[in-house]
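Below are the chains, spelled out letter by letter.
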Amino acid sequence: MIGRGQNQFPFAVDLAQSQFTTLAASESLIRDADLAQETASLTRAQILLEGGIAALAQAYTAPQQVLSLLRNG
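Reference entry: report on the structure contained in this document. (Residues numbered from 1 in each chain as written. Predicted model: local features only at pLDDT ≥ 70, side-chain atom pairs only at ≥ 80, totals over all residues. Heavy atoms only, no water.)

**Topic: the environment of Ser41**
Structurally, Ser41 is set in helix α1 (residues 2–72). With 26 residues separating them along the chain, Ser41 and Leu67 place their C-alpha atoms 40 Å apart. (Helix = DSSP H or I, 4+ residues; strand = E, 2+ residues; numbered from the N terminus.)

**Observations regarding the environment of Gln8**
Following the sequence through the fold, Gln8 ends up in helix α1. Residue classification places Gln8 among the partly exposed residues on the basis of a relative accessible area of 46%. Here the alpha-carbon distance between Gln8 and Leu42, two residues 34 residues apart in the chain, equals 51 Å. (Buried < 20%, exposed > 50% of the residue type's maximum accessible area, 1.4 Å probe, protein only.)

This is the structure:
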């Protein structure tokens, strides 16, 4: 009976270590996925911001160009 328990103990330790390794790897994958998603969201927001700034700049210069043509024409 003691021999059987001694044989099961290393198996239980190995199983626990394997489960810990699997858990750590899973957590790492989740963190990597979250980081990738946040990076994509940040990039999207930056593109939208830069596009908005460019549109505002163009909208601002159009009337100025028309006024310049009217003054010089």
